[in-house]
Amino acid sequence: MSNFFNTKIEFLKGVGPMRAELLQKELNIHTYGDLIQHYPFRYLDRTQFYKVSELDESMPYVQVRGRIRGKELIGEGRKQRLAATLVDENGDQLELVWFKGVKWMQKTLKNHTDYIVFGKPTSFNGRFNMAHPELEELAEEKQTTSFLQPVYHTTEKLKAHRIDSKVISKMMEHLLKVALPQVQESLSPELIDHYRLIDKRSAYANIHFPETSDKYNKAKFRLKFEELFYIQLRLFRQKVVRKADLKGQIFNQVPTLTEFYKNHLTFDLTNAQKRVVKEIYADLNAGKQMNRLLQGDVGSGKTIVAFITMLIAADNGAQSVLMAPTEILADQHYVGLKKFADSLGINLGKLTGSTKAKDRRLLHEQLRSGDMKMIVGTHALLEDVVQFQNLGLCIVDEQHRFGVEQRSKLWRKNPRIIPHVLVMTATPIPRTLAMTLYGDLDVSVIDELPAGRKEIVTVHRFDSHRLRVFQFIRDQIQLGRQVYIVYPLIEESEQMENYKDLMDGYESVKRAFPEYKVSMVHGKMKPQDKDYEMQQFVKHETHIMVATTVIEVGVNVPNASVMVIESAERFGLSQLHQLRGRVGRGAEQSYCILMTGYKLSKDSKTRLETMVRTNNGFEIADIDLKLRGPGDLMGTQQSGVLDLLIADLSKDAPILQEARAAAQKVLNEDPQLEQPQHQNIRRHIQSLSANSVNWSRIS
Ligand code: ADP
Ligand code: MG
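The rules we used
- Residues numbered from 1 in each chain as written.
- Chains lettered and ligands numbered in written order.
- Predicted model: local features only at pLDDT ≥ 70, side-chain atom pairs only at ≥ 80, totals over all residues.
- Heavy atoms only, no water.
- Helix = DSSP H or I, 4+ residues; strand = E, 2+ residues; numbered from the N terminus.
- Buried < 20%, exposed > 50% of the residue type's maximum accessible area, 1.4 Å probe, protein only.
- Contact = heavy atoms within 4.5 Å.
- Areas by Shrake-Rupley, 256 points an atom, 1.4 Å probe, with all protein chains shown as cover.
- Pairing = 2+ DSSP bridges.
- Axes fitted to C-alpha atoms, helices over the stretch in contact; angles between N-to-C directions.
- 1 Å grid on protein atoms, 1.4 Å probe; cavity = no way out; pocket = protein on both sides within 12 Å on 5 of 7 lines; lining within 4 Å.
- Points joined across faces, edges and corners; volume = space filled by probe spheres on them.
- Nonpolar A, V, L, I, M, F, W, Y, C, P; charged D, E, K, R; others polar.
- Expected span 1.5 Å × (residues − 1).

### Regarding the overall build of the protein
No. 1: A tally of helices and strands in the protein yields 25 helices and 22 strands.
No. 2: Residue burial in the protein is summarised as follows: out of 699 residues, 52% are buried.
No. 3: Of the contacts made within the protein by residues no fewer than 6 positions apart, 73% connect residues no fewer than 24 positions apart.
No. 4: Surface accessibility of the protein: about 33,000 Å² in total, with carbon and sulfur atoms responsible for 50%.

### Here we look at the side chain of Thr309
No. 1: Relative to the assigned elements, Thr309 resides in helix 11 (residues 302-315).
No. 2: Not counting the four nearest positions on each side in its chain, Thr309 is found in contact with Ile280, Leu284, Met290, Leu393, Ile395 and Leu422.

### Observations regarding the sheet that holds strand 15 (residues 420-425)
Where strands meet in a sheet, backbone hydrogen bonds hold them as pairs that are either parallel or antiparallel.
No. 1: What the seven strands build is an open sheet, ordered 12-13-11-14-15-10-16; its pairing is parallel. Every interior strand has two partners, whereas the edge strands, strand 12 (348-351) and strand 16 (442-446), have only one. Direction aside, neighbouring strands of the sheet carry axes that sit 20 degrees apart on average.
No. 2: Alignment of strand 10 (residues 291-296) against strand 15, held across five bridges, turns out to be parallel.

### Looking at the layout of surface pockets
No. 1: One number sums up the size of the second largest pocket: a volume of about 1,300 Å³.
No. 2: Lining the second largest pocket are 45 residues, with Gly299, Thr303, Arg453, Asn556 and Arg585 sitting closest to its centre.
No. 3: Secondary structure elements with two or more residues in the lining of the second largest pocket: helix 11, helix 12 (327-343), helix 18 (527-538) and helix 19 (573-580).
No. 4: Broken down by element, the lining of the second largest pocket gets its largest block of residues, 10 residues, from helix 12.
No. 5: Here the lining of the second largest pocket is composed, by residue class, of 16 nonpolar, 17 polar and 12 charged.

### Brief notes about helix 5 (residues 165-179)
Count 3.6 residues to each turn of an α-helix, and residues three or four apart come out pointing the same way.
No. 1: For helix 5, with 15 residues, the first-to-last C-alpha span of 20 Å sits near the 21 Å given by 1.5 Å per residue.
No. 2: The set of residues buried in helix 5 consists of Ser165, Val167, Ile168, Ser169, Met171, Met172, Leu175, Leu176 and Ala179.

### Some words on the pairing of strand 2 (residues 62-74)
No. 1: With six bridges connecting them, strand 2 and strand 5 (residues 114-119) associate as antiparallel partners. Looking at the pairing, Arg65 lines up with Ile116 of strand 5.
No. 2: Two elements, strand 2 and strand 3 (residues 81-87), share six bridges in a ladder whose sense is antiparallel. Along strand 3, the bridge assignment pairs Ile68 with Leu86.
No. 3: Taking the residues that link successive antiparallel strands as the turn, the strand 2-strand 3 hairpin has six residues, and the phi of Gly75 there is positive, at about 80 degrees.

In structure tokens:
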């Protein structure tokens, strides 16, 4: 954006220093550029009205037109409210209520005047009412030329200072008048032509004050496209820079891997596994450092892919580490891989917090000398004393448990050349999110389960059927199976009272199954105790494992065939899916039982129905994204990246695909953006990086 758009907002007609300060504080609007990108979050459509007689409580938000006939203040002090009656053209009445800003509403709401109200209808004693509706005086309708009238996001504080949507809309009119002539095109003529985009000036004009519905749709598409295009462009450029900078060891010898395929691998790789191995092998031969994210649903067979990658490293004289988030997982990897390594004559070790000092010294020595080619472990691997002769590959399992800094400690263990990196995660991330968050990583996906797996049968049961569920558990244990029972814990916080559900559950499970042994793990336990309890279950010393979500990640007990999730409505969808993935790992039919009370919100119902309907982690991740929005899904720390101005990752996947392809094409043709047709893009990038406020939003 040119300098004009960096003009401070206080200089805009109708703003001034006081309002400017409020706009800055409340909406982060500092400049003309910020305001013009404060897009309406919805529009008043003058053609869509409901009559009061058509209202129904299941309607989300509706627009009703009518005349105010009477208003009165009810009650005193803080409990005071304002009630007004709106009468529609049929003479039916709708009650309007305000609990906040009562005095101001009382003053501004005009009796005997026509209004459009917008809000959620609820019914009480057979009468409909609407709390805190948005209001629009009807007389003003004629003034606007646009067929849709913008509604802008404001805050309570702004409203208290009389800056409501209408006032912002007025400011926007002033702004557009002076700003539109200054708008410079920020996409190349080719892109505009190829994607049939409207020019930027019309896009701004029509997103705020749509002239026709067609122009509105085109404006929306253009601005979404542009927003996503620049994010993708930036990620691609980062990737190009990184790849050019970081050399990687070349691993092109595979004698042991060939031997492994021929004589030791007892099953056929799935096609997805084969494809991923190919992708990894290509990386390892490119002379650049590999930085790859491997996504695969629970049970899709990521471990064997990790081992194959480690074999390739070993075949080329490099050492590799496989790091897991918990001791139990490290143990499982070790036990699983040790037999392969032994039969191939490869020295594979394990290093965790509980490795004895004597063994530790030996391991350290073997790693330093290069005698040990592969090591599996936990955080203990990160300690400074752990040094390698030639660390060539780092694999991190269940990525979300590790911070970036922790990982980079591993990378630094080879001072000569940074090791190749493979990050594995069982939390499927919707493609749109992966492309936006991990655009600088290459992503591989195992989207296929090994043949012959039995689908986990998932059912939803109400608490009142607990006795029958318990009987089912008993039957399964009689058949020799084991059972998980998971209780929700909102936060692994310090307060023991949060464990009440779990403790009560533990007691009642012990009472209900006196004939069986019950283990329990939760996040407040000492790691040793947790491991002990877990091992008891792994060794089949106990029959039932009562737990919080600490068992979510990676644990493999093939004999466990039933997962009971208590208060399932309190879990997120992805979390439910992760938990379910703890069963279904053996040859037997497995079950997941979701227990809830009768009272369920609409979203809870959707989550439960989705779980019952599908086992597909990617489908589940997509639905979760739609339910929760990207910020929530990824946790607050990354949500800043996803704070998009107009595009919506849960809905705009097709636009994202196009924007991504476009960004890729532009950079392929002209990596430095030197050609004349890319000068718009180049100039826009420069103005973005000069304009720190906007830039920070997408960096
Ligand atoms: P995850 O991707 O959840 O880490 P694992 O790597 O633990 O999954 O694999 C789950 C199970 O599937 C393991 O017992 C593994 O040996 C087995 N497995 C992996 N790949 C295949 C395959 N292609 N065919 C049959 N079984 C496989
Ligand atoms: Mg795994």
